[in-house]
Amino acid sequence: MHNYFGVILRTRQDLRNRVQKMLENNGYFDITLEMSQLLYCLRSLGGTANQQELADKIGKNKSSITSLIENLHKREMIVRKTDPTDRRHNLISFTEKGDSFINDFYPEVYRTYNIDKMNISLAEIVKITDILEKLIIS
């Protein structure tokens, strides 16, 4: 298990470094990996979600994404509006700037690793993904 944890942590750090470098190379010096993850998750939730939904999707607790939401709001990438069905919650939505970021940047993220140059097939990547999802669920 020690080797498993080590490989997972190194893979996570490698991906983090690659995506952060891509952000910087594309002129997004003030956007962190976590901010881009939150925007991507917002997109996958249909473009509008409450803070708890975003936290669940990212795999963090609700309070830990508060600063991410605040930073994205300051950068005019998202807006917060009171949920009309429950005034205790805010709904988070894209601004035009946030939507443009996702449309422009995320195709680059999918090219983070050049599969053609790797000694691994797409089928193997799918299998690894399935195994990791099973581990998360268990």
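Residues numbered from 1 in each chain as written. Predicted model: local features only at pLDDT ≥ 70, side-chain atom pairs only at ≥ 80, totals over all residues. Heavy atoms only, no water.

> Looking at this model, I keep getting lost on the nonpolar core. Mind explaining?
Nonpolar side chains tend toward joint burial in soluble globular proteins. Membership of the largest hydrophobic core comes to 26 residues, with the highest contact counts inside it found for L39, L54, F101 and F105. When residues of this core are traced back to their parent elements, those giving at least two are α1 (2–25), α2 (33–44), α3 (51–58), α4 (66–74), β3 (86–94) and α5 (96–109). Top element by residues in this core is α2. It accounts for six residues. The contacts of L39, once residues within four sequence positions are left out, are L72, M77, I78, F94, F101 and I102. (Core = buried A, V, L, I, M, F, W, Y, C linked by side-chain atoms within 4.5 Å. Buried < 20%, exposed > 50% of the residue type's maximum accessible area, 1.4 Å probe, protein only. Helix = DSSP H or I, 4+ residues; strand = E, 2+ residues; numbered from the N terminus. Contact = heavy atoms within 4.5 Å.)

> Even after reading the chapter, I still don't get the layout of surface pockets, so can you show me in this structure?
The rolling of a water-molecule-sized probe over the atoms marks out the regions of remaining empty space. In this structure, the largest pocket spans a volume of roughly 1,900 Å³. Forming the boundary of the largest pocket are 34 residues, of which T11, R12, L15, T129 and L132 lie nearest the centre. At the level of secondary structure, the elements contributing two or more residues to the lining of the largest pocket comprise α1, α2, α3, α5 and α6 (122–137). For the lining of the largest pocket, the residue count by class is 22 nonpolar, six polar and six charged. (1 Å grid on protein atoms, 1.4 Å probe; cavity = no way out; pocket = protein on both sides within 12 Å on 5 of 7 lines; lining within 4 Å. Points joined across faces, edges and corners; volume = space filled by probe spheres on them. Nonpolar A, V, L, I, M, F, W, Y, C, P; charged D, E, K, R; others polar.)

> Please clarify how the packing of aromatic side chains should be interpreted in this entry.
Counted by the stated rule, this structure contains six aromatic pairs. With a centroid separation of 5.9 Å and an interplanar angle of 75°, the aromatic rings of Y28 and F105 are classed as edge-to-face. Placement of Y28 in the loop between α1 and α2 and of F105 in helix α5 is noted, with a sequence separation of 77 residues between them. Looking at F105, the relative accessible area reads 1%, which means it is buried. An angle of 85° between the planes, with centres 5.8 Å apart, marks the rings of F105 and Y106 as edge-to-face. By the burial criterion, F105 is buried, and Y106 matches it. (Phe/Tyr/Trp six-rings, centres within 6.5 Å; stacked < 30°, edge-to-face > 60°.)

> What is the right way to look at the sheet that holds strand β1 (residues 48–50) in this model?
Each strand in a sheet pairs with another by means of backbone hydrogen bonds, the pair being arranged parallel or else antiparallel. The strand order across the open sheet formed by three strands is β1-β3-β2, and the pairing between neighbours is antiparallel. Lying at the two open borders of the sheet, with one neighbouring strand each, are β1 and β2 (78–83). The average angle at which neighbouring strand axes cross in this sheet is 30°, direction not considered. Pairing geometry for β1 and β3, over three bridges, is antiparallel. Counted as the bridge partner of N50 is L91 from β3. Of the strands in this sheet, β2 and β3 are in contact with α4, which crosses β2 at around 120°. (Pairing = 2+ DSSP bridges. Axes fitted to C-alpha atoms, helices over the stretch in contact; angles between N-to-C directions.)

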